[in-house]
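# Commentary on secondary and tertiary structure
In case you want the letters, here they are:
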Amino acid sequence: MKKQRTNIRQKLLIGTLCLSFFCMLFASVRPYTAMPLSAVPDEKPRKQSEEEVQLIHCDVLYKNQTDVRADVLVGHVRLYHDGMFLDCDSARFYKDDNTFNAYGNVKMVQGDTLTLTSDTLLYNGPMLQAHAIGNAVLAHRKSKLTTHIIDYDRLEGVGFYPQHGILYDGDNVLNSDYGQYTPSLNEAIFKDNVVLDNPKFNLKTNELYYYTDTEVAKIVSETNIVSADSTFVYALRGEYNTRTGNASLMDRSHVYKDMRDIVGDSLYSDGERGVSEAFGNVVLTDVENQCMLTGHYCRYEDSTGVAVATDSAVCYEYSGVDTLYVHGDTLKMVTYNQNTDSVYRDLFAYHKVRMFRNDIQGVCDSLVSHELDSCTYMYGQPILWNEGQQVFGEEIRVYNNDSTIDWIHIINQAMTIERLDSVSYNQVKAKEMFSYFVDGVLEHNNAKGNVLVSYFMDESDGNRIGLNYTETPELNLYMENKKVYKIWMSTPNGTMFPPFAIPEDKRYLPGFAWFDHIRPKDKDDIFEWRTKSEEQMLKKTEKKVVPKQRLDDIK
């Protein structure tokens with residue numbers, strides 16, 4: 001009997017020691033305090049909530065000796081704190097610390113627009129911070145953020161997630177490795193491997209700001225956007241409206257479609273109307289047609305194929321061996337039959353037009369170039385130069401063959417001049433003139449209507465014989481190795497003057513002028529406008545109209 005009592009005392013002592021040990025162990029345990037991932041120490045102390053967490057309902061409440069500081073709540077648990085309700089299956093409520101841990105079907109509701117659901121939630125009442133773990137979903141109006149862990153700061157109204165998260169907002173689905181969502185500001189910030197999927201486009205970047213109220217994406221890093229219509233946008237900074245497809249971009253952004261690329265210091269693209277506008281050092285490249293427009297302003301309409309450039313505008317045509325540079329106050333390029341096999345384009349240049357290529361230079365007031373008939377029309381005091389040759393008239397039409405001059409038609413008051421030296425020029429003047437080229441070199445010149453010819457004759461050794469002045473209805477002049485080798489005239493009437501007895505009115509035909517000071521010297525000189533003097537301007541030929549007669553006028 002005595003031995004039995006001794007065994008009972010020993011067992012009670014051992015049990016008491018074990019209970020004391022476990023109580024000491026669990027007394028040191030504190031609930032997890034959630035902290036925002038991006039939180040940094042503030043210079044000012046953080047404002048804390050003094051309101052106590054309130055228990056509204058639970059089916060069972062008991063104390064767990066393993067965690068004596070906590071009230072264990074089981075079944076239909078509902079808690080309230082500072083405007084927030086929380087429901088869960090069970091919880092540990094640390095009343096003295098004003099914190100709790102919630103488990104199972106956790107749902108936190110703040111106001112009537114924000115909910116946070118998860119498998120587990122650790123809540124710090126004084127700091128107003130929630131740490132949601134497992135199937136975490138932060139929902140605000142139509143937007144929903146899903147991830148594994150969300151740290152939600154109620155004081156700042158910001159949710160942080162350190163692992164892969166997905167934000168669903170209307171038609172937009174945004175993925176990123178890390179991010180934060182501020183429902184009160186309708187702002188989400190995504191970082192690392194950011195992908196925005198939409199039925200109309202796909203966006204990829206490393207950092208993106210997104211606003212759920214406007215569905216506008218703010219671009220802050222290198223970004224690629226590919227639309228369903230194959231439009232490609234490359235941007236470094238700007239905004240993209242995911243609803244309309246409108247974009248306002250900075251820092252040399254690009255919009256590329258159908259082998260056309262437009263880039264500028266700033267760029268605006270209207271996705272609904274298919275219109276792009278670029279400002280500052282603009283470059284519009286048409287890769288398929290091997291041409292380019294530049295200027296400080298450019299507008300392109302995708303639906304009509306119309307591109308307009310102004311402010312130092314230049315058209316580069318590089319389909320041939322050499323590049324042709326055309327400048328005007330306004331340049332307009334129109335593409336026809338887009339998305340077909342018969343596509344072609346026209347170029348319109350308005351006012352103070354100057355062009356340069358190594359083999360040809362020209363100036364005029366306005367210009368139209370039709371790709372379909374390979375013809376360029378020059379209006380308004382047009383002048384063309386080809387090496388030592390100069391032609392001008394009221395209108396000039398240049399016909400090309402594979403970007404090389406094939407023939408030129410000068411209409412009304414046509415004049416061609418070949419410079420021999422500072423005082424000697426071969427000249428032909430007529431009503432109209434046709435100049436034919438082979439490999440870019442003048443080979444045949446045909447002049448019609450009141451033709452005047454002032455031509456210097458040389459011997460085979462180069463000695464000058466004199467000046468041949470001729471009047472004829474028609475002239476055909478043939479050249480070889482850039483020298484005249486045959487001349488044909490219809491009923492000519494001419495005189496040969498020796499070098500020492502050439503009359504001044506025969507040396508220079510009426511209307512003669514060598515416009516070397518106007519001629520573009522290189523591709524950079526096309527911006528410097530120079531024009532004829534008032535006396536050198538051609539007065540437009542007035543067409544004579546025969547009065548119409550009626551039978552009743554005849555008596």
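As shown above, the structure is provided for reference.
Residues numbered from 1 in each chain as written. Predicted model: local features only at pLDDT ≥ 70, side-chain atom pairs only at ≥ 80, totals over all residues. Heavy atoms only, no water.

Here we come to the overall build of the chain. In terms of helices and strands, the chain carries two helices and 36 strands. Residue pairs in contact within the chain that sit at least 24 positions apart in sequence constitute 39% of those at least 6 positions apart. For the chain, the accessible area works out to roughly 29100 Å², and carbon and sulfur atoms hold 52% of it. (Helix = DSSP H or I, 4+ residues; strand = E, 2+ residues; numbered from the N terminus. Contact = heavy atoms within 4.5 Å. Areas by Shrake-Rupley, 256 points an atom, 1.4 Å probe, with all protein chains shown as cover.)

With that settled, consider the nonpolar core. Grouped together as the largest cluster of nonpolar side chains are 93 residues, with contacts concentrated most on Leu86, Phe100, Leu116, Leu121 and Leu384. Residues in contact with Phe100, not counting those within four places in the same chain, are Val53, Leu79, Met84, Leu86, Arg92, Phe93, Tyr94, Leu121, Leu122 and Tyr123. In this structure, Trp385, Leu452, Ile502 and Ala513 belong to the second largest nonpolar core, which totals 19 residues. (Core = buried A, V, L, I, M, F, W, Y, C linked by side-chain atoms within 4.5 Å. Buried < 20%, exposed > 50% of the residue type's maximum accessible area, 1.4 Å probe, protein only.)

Okay, the side chain of Gln361 next. Relative to the assigned elements, Gln361 resides in strand β26 (residues 360-370). A polar contact of 2.8 Å, which involves the side chain of Gln361, links it to the side chain of Arg519. In this structure Gln361 touches Met355, Phe356, Ile383, Leu384, Trp385, Arg519 and Pro520, once residues within four positions along its chain are discounted. (Polar contact = N/O pair within 3.5 Å; in protein donor to acceptor, adjacent residues only side chain to side chain.)

The subject of this paragraph is the packing of aromatic side chains. Using the criterion set out here, one finds 16 aromatic pairs in the structure. Ring centres of Phe348 and Tyr350 lie 6.5 Å apart, and the angle between their planes is 10°; this geometry places the pair in the stacked category. Take Phe348: its relative accessible area is 15%, and that puts it in the buried class. Taken together, the ring pairs in this structure connect Tyr399, Trp407, Phe434 and Tyr436 into an aromatic cluster. Across from the ring centre of Tyr478, 4.7 Å away, lies the NZ or CZ of Lys486, which sits over that ring. (Phe/Tyr/Trp six-rings, centres within 6.5 Å; stacked < 30°, edge-to-face > 60°. Lys NZ or Arg CZ within 6 Å of the ring centre and 35° of its normal.)

Examined against the element boundaries, Asp402 turns out to sit in the loop between β30 (395-401) and β31 (404-419). Between the C-alpha atoms of Asp402 and Ser374, which are 28 residues apart in sequence, the distance is 8.5 Å.

Moving on: the pairing of strand β3 (residues 67-81). Note: strand β1 (residues 54-57) against β3, three bridges, orientation antiparallel. Within β3, the position partnered with Gln54 by the bridge is Tyr80. In this structure, strand β2 (residues 60-64) lies alongside β3, joined through five bridges in antiparallel fashion. Following the sheet pairing, Tyr62 is matched in β3 by Val72. Hairpin remark: β2 followed by β3, antiparallel, with two residues in the connecting loop. The sheet contact formed by β3 and strand β4 (residues 84-94) spans nine bridges and is antiparallel. Each residue of the ladder has a partner; that of Val77, found in β4, is Cys88. Following β3, the chain reverses through two residues before pairing antiparallel with β4; Asp82 in that reversal takes a positive phi of roughly 50°. (Pairing = 2+ DSSP bridges.)

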